[in-house]
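Structural overview
Residue-level listing of the chains:
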Amino acid sequence: MRPDLFQAPDYYNLDDLLSEEHKLVRDSTRAWVKREVSPIIEEYAQKAEFPKQIIKGLGEIGGFGPYIPVEYGGAGLDQISYGLIMQEIERGDSGVRSTSSVQSSLVMYPIWKYGNEEQRMKYLPKLATGEFIGCFGLTEPNHGSDPGSMITNFKDMGDHYLLNGAKMWISNAPFADIAVVWAKNEEGRIHGLIVERGMEGFTTPETHNKWSLRASSTGELIFDNVKVPKENLLPNKSGLGAPLGCLDSARYGIAWGAIGAAMDCYDTALRYAKERIQFDKPIAGTQLQQKKLAEMITEITKAQLLTWRLGVLRNEGRATTAQISMAKRNNVNMAIQIAREARQILGGMGITGEYSIMRHMMNLESVITYEGTHDIHLLITGMDVTGISAFK
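Attention in this report is confined to the structure presented alongside it. (Residues numbered from 1 in each chain as written. Predicted model: local features only at pLDDT ≥ 70, side-chain atom pairs only at ≥ 80, totals over all residues. Heavy atoms only, no water.)

**Focus on the overall build of the chain**
Stated precisely, the cut-off is as follows: Helix and strand definitions here come from DSSP, where helices need a minimum of 4 consecutive H or I residues and strands a minimum of 2 consecutive E residues; each element is numbered from the N-terminal end. Radius of gyration: C-alpha atoms only; globule rule: 2.2 Å multiplied by the number of residues to the exponent 0.38. Burial here depends on accessible area, computed with a 1.4 Å probe over protein chains only, as a share of the maximum for the residue type. Under 20% is buried, over 50% is exposed, and the range in between is partly exposed. It only takes one pair of heavy atoms within 4.5 Å for two residues to be counted as in contact. In this description, accessible areas are obtained by the Shrake-Rupley approach with a 1.4 Å probe, and a residue is regarded as covered only by the protein chains that are shown.
Secondary structure assignment for the chain yields 11 helices and nine strands. Scaling as 2.2 N^0.38, a compact globule of 392 residues should have a C-alpha radius of gyration of about 21 Å, and the chain matches this with 21 Å. Dimensions of the chain, computed from C-alpha atoms along their principal axes, come out at roughly 80 × 45 × 40 Å. Across the 392 residues of the chain, 56% fall into the buried class. A sequence separation of at least 24 residues applies to 75% of the contacts in the chain between residues at least 6 apart. As displayed, the chain offers around 16800 Å² of accessible surface, 52% of which is attributable to carbon and sulfur atoms.

Here it is as structure tokens:
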């Protein structure tokens, strides 16, 4: 493994917009990634295995529910701090960031927002430290972009609920201790249920042969007459808006995370271009490579400004779902284009595990699809600006 020499680009002096706490959170996360993730991540990606030994460290740096109030085990940080943590973790690897953001936004967030006090105290402190790992069950084999058509369901059996169905493409599923599962009741209303490992009929087979997010553990959730205690129903919100509210938080984190992947590709390509000699001079001195690098830093800077402003709006409680969709779509697309251009700068070396670029590129092919596909986010923006839905 090459030493991690990453230097973050800040072309517009965006650090001036950050508080001292923001910079401390970011820099401590960056140092942890350099120390704990960078030295091992290529090996784990090659063998398609999640490095479980980093879970405790993710909890210690605030990677699990950083905005969750302190009384529930969180760090009580603001939304910009959350974004910066996601940025730095994804600079290391999108799969590691997936584990962090699923735990934060798709497991801890709904328990905090939609759960009762007993559920918060039971689960959130253990999730915050990584003692418990959670997953989020929304997507089904035949229902991805249209989650409202889900068929996973539960019936009231008097003293418990009986849950049946299946979910797929679930990050953390193979080793998760709990799952926040979205299912329809007998009236067709969507509710969230906390399903615990060990409940009879609940299995989590792992998904193999992935070319993307190889250092992330992905699986299915299978429910075969699972008896779920009634106290495991999230009581404070139901309907499709409940899981979509979780996705807003996750998509916001992804918008920041994608910048981290882009920055790593750019920094790698810039350093390589300065060192690589062809025709008696560094390739960084050629017009075509300068064009690539100049466009990269321009797009990164635009994305940084977009997410910073979105973070301010999130802190003020004013960010809309459509604004979050725009940032997620723009930034992931930006990152994947930069990964492809960076790979070109490195030539053949760009496809090897000696550098991070090809791993980022493959990971981003998943990131551009999950939490709402590239095209779905375009339609969300289109509906917002026209007032007309193109979904049906």
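**Regarding the pairing of strand 7 (residues 218-229)**
Put simply, the test is: Note: two strands are recorded as paired if DSSP finds a minimum of 2 bridges between them.
Both strand 3 (residues 160-171) and strand 7 contribute to a ladder of nine bridges, which runs antiparallel. Paired with Leu162 across the two strands is Lys227, which belongs to strand 7. Relative to strand 7, strand 6 (residues 202-203) is paired through two bridges, and the arrangement is antiparallel. When the bridges of strand 7 are listed, Phe202 appears paired with Phe223.

**A closer look at helix 10 (residues 357-367)**
The buried count for helix 10 comes to eight of 11 residues, which makes it a mostly enclosed element. Those residues of helix 10 that sit buried are Ile357, Arg359, His360, Met361, Asn363, Leu364, Ser366 and Val367. Lining the buried residues of helix 10 we find helix 2 (41-46), helix 4 (79-92), helix 5 (94-114), helix 7 (241-275) and helix 9 (321-346).

**Regarding the packing of helix 5 against helix 7**
Using the following cut-off: Think of each axis as a best-fit line through the C-alpha atoms, taken over the contacting stretch in the case of a helix, with angles from 0 to 180 degrees between the N-to-C directions. We call a crossing left-handed when the near helix sits turned anticlockwise from the far one by less than a right angle, and right-handed when that turn is clockwise. Classification used: nonpolar for Ala, Val, Leu, Ile, Met, Phe, Trp, Tyr, Cys and Pro, charged for Asp, Glu, Lys and Arg, polar for all others including Gly.
Interaxial distance between helix 5 and helix 7 falls to 9 Å at its minimum, and their mutual angle equals 145 degrees. For the element pair helix 5 and helix 7, the recorded crossing hand is right-handed. Here Arg97, Ser105, Leu106, Tyr109, Pro110 and Tyr114 of helix 5 lie close against helix 7, whose contacting residues are Gly241, Ala242, Gly245, Cys246, Leu247, Ser249, Ala250 and Ile254. Classifying every residue of the contact of helix 5 with helix 7 by side-chain character gives nine nonpolar, four polar and one charged.

**Side note on the packing of helix 4 against helix 10**
The description of two helices packed together rests on the angle between their axes and the distance between the axes. Convention followed: Each angle gets one of four labels, with under 35 degrees taken as roughly parallel, over 145 as roughly antiparallel, 65 to 115 as roughly perpendicular, and the rest as oblique.
Axis separation between helix 4 and helix 10 bottoms out at 10 Å; the angle between their running directions is 125 degrees. As summarised for this structure, helix 4 and helix 10 are arranged oblique, according to the angle between their axes. Residues Glu90, Arg91 and Gly92 of helix 4 touch helix 10, and the partners they reach there are Arg359, His360, Leu364 and Val367. Partitioned by chemical class, the residues of the contact of helix 4 with helix 10 number two nonpolar, two polar and three charged.

**Considerations on helix 5**
As a reminder of what qualifies: Bend angle per residue: angle between axes fitted to the 7 residues ending at that residue and the 7 residues starting there. Residues adjacent in sequence count toward polar contacts only when both atoms are side-chain atoms; beyond that, a polar contact is any pair of N or O atoms within 3.5 Å, and within protein one must be able to donate a hydrogen and the other to accept it.
The sharpest bend along helix 5 comes to roughly 35 degrees, located at Met108, with the proline Pro110 sitting one to four residues further on. In terms of residue burial, helix 5 counts as a mostly covered element, since 19 of its 21 residues are buried. You can read the cap of helix 5 off the contacts: a side-chain oxygen lies 2.8 Å from the backbone nitrogen of Gly95, and it is on Asp93.

**Thoughts on the nonpolar core**
To keep it simple, the criterion reads: What we call a nonpolar core is a set of buried Ala, Val, Leu, Ile, Met, Phe, Trp, Tyr and Cys residues that are connected through their side-chain atoms within 4.5 Å.
Formed by 60 residues in total, the largest nonpolar core has its most connected members in Leu58, Ile111, Leu127 and Trp182. If you tally residues by element for this core, the top one is helix 5, at eight residues. Grouped together as the second largest cluster of nonpolar side chains are 36 residues, Ala261, Met334, Ala335 and Ile357 included.

**Brief notes about the pattern of salt bridges**
Condition: The salt bridge criterion pairs a side-chain nitrogen of Lys or Arg with a carboxyl oxygen of Asp or Glu, the two atoms within 4 Å.
A complete count under the given rule lists 22 salt bridges for this structure. The shortest N-O distance in the salt bridge between Lys47 and Glu49 comes to 3.8 Å. Take Lys47: its relative accessible area is 39%, and that puts it in the partly exposed class. Lys302 is paired through a salt bridge with Glu299; the nearest N and O atoms lie 3.0 Å apart. Note that Lys302 and Glu299 are positioned in helix 8 (residues 287-315) at a spacing of three residues, about one turn of the helix. Salt bridges linked by common partners bring Asp4, Arg91 and Asp264 together as one network.

**Quick look at unusual backbone geometry**
Even without a glycine there, the phi angle at Asn13 is positive, about 55 degrees. Locating Asn13 in the fold gives a position in the segment before helix 1 (20-37). Judged by its relative accessible area of 48%, Asn13 falls in the partly exposed class. Positioned with a positive phi, Asp280 is a non-glycine residue whose angle comes to about 70 degrees. Asp280 sits in the exposed class, given a relative accessible area of 78%.

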